[in-house]
Amino acid sequence: MKLFIDTADPKEIAKLAETGLVDGVTTNPSLAAKTGLDYVESLQEICRTVKGPVSAEVLATETAGMISEGRRFAKIAKNIAIKVPLTWDGLKACRALADDGLMVNVTLCFSPVQAMMAAKAGATFISPFIGRLDDAGQDGMELIHEIRTIYDNYDFKTQILAASVRGIPHVRGAALAGADVATIPPDVFKSLLNHPLTDKGLAVFLADARKAGVRIREE
Ligand code: E4P
């Protein structure tokens, strides 16, 4: 499963990219607003840091405006994926931008049928929002399972990008459900390796080596 970072903060992305485990980035208008930075300048910086897909979300709500914003985003770098909402206008824009040869991420997906429609419109990525469905008392992970089944039934190539991820259980569930990608907030990404037995085990190994004077000699 590919791991994207869900933030518009270029500095945070640069730090996490040092792990060598960041496959891409997703941004949205709310995340851009949080940074207080110019959105396009941030995207330029992010695309210099991360070579995988970087999602940039349109603000227009009508097809023509989305296409024009999308084409402007696409000029930033080759790895931009244009993010459009799951509306009729969004899907028309998706088809036009995909026909231009651009990557499109269709966002705000809350149902399997919406995901099927996005795939038919040529989406590169579909973004089902797990956490927001859970917040609404539904089962976000069930949506990922259902989309996986529909896409496999018809051999749709659209990648399932599990979004609105709130913690390790969502990452685990998305991986088990066969999501192609999970986009993860920085704090969740940093917590992915946490396990008390790893820390305890390492402390014991090092203490044993110290006690016995185990050394790794240089050649
Ligand atoms: C990413 O593509 C989505 O916009 C993001 O994951 C939404 O997350 P939220 O529901 O925590 O705002």
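Residues numbered from 1 in each chain as written. Predicted model: local features only at pLDDT ≥ 70, side-chain atom pairs only at ≥ 80, totals over all residues. Heavy atoms only, no water.

## Here we look at the pattern of salt bridges
Pairing is possible between side chains of opposite charge, provided their charged atoms come close. Cut-off, in case you're wondering: When a carboxyl oxygen of Asp or Glu is within 4 Å of a side-chain nitrogen of Lys or Arg, the pair counts as a salt bridge. Where helices and strands are cited, they refer to DSSP runs of H or I of at least four residues and of E of at least two residues respectively, numbered from the N terminus. Burial classification: accessible surface area is computed with a 1.4 Å probe over protein chains only, and a residue below 20% of its type maximum counts as buried, one above 50% as exposed, and the rest as partly exposed.
Applying the stated criterion to the full structure yields twelve salt bridges. Between Lys11 and Glu45 there is a salt bridge, and its shortest N-O distance comes to 3.7 Å. On the criterion of sequence distance, the pair formed by Lys11 in helix H1 (residues 10–17) and Glu45 in helix H3 (residues 39–49) is long-range, its members being 34 residues apart. Residue Glu45 is classed as partly exposed on the basis of its relative accessible area, which comes to 29%. Linking Glu57 and Lys83 is a salt bridge whose minimum nitrogen-to-oxygen distance equals 3.4 Å. With a gap of 26 residues between them, Glu57 in strand E3 (residues 54–57) and Lys83 in strand E4 (residues 80–85) connect regions that are remote in the sequence. Residue Glu57 shares its accessibility class with Lys83, and that shared class is buried. Three or more residues joined by partner-sharing salt bridges are found here, namely Glu12, Lys15, Asp187 and Lys190.

## Details of the packing of aromatic side chains
To keep it simple, the criterion reads: Two rings from Phe, Tyr or Trp (for Trp, the six-membered ring) form a pair when their centres are within 6.5 Å of each other. A pair whose planes differ by under 30 degrees is stacked, one over 60 is edge-to-face, and the rest are tilted.
For the structure shown, the criterion picks out five aromatic pairs. Centre to centre, the rings of Tyr151 and Phe156 are 5.6 Å apart; their planes meet at 70 degrees, and the pair counts as edge-to-face. A relative accessible area of 0% means that Tyr151 is categorised as buried.

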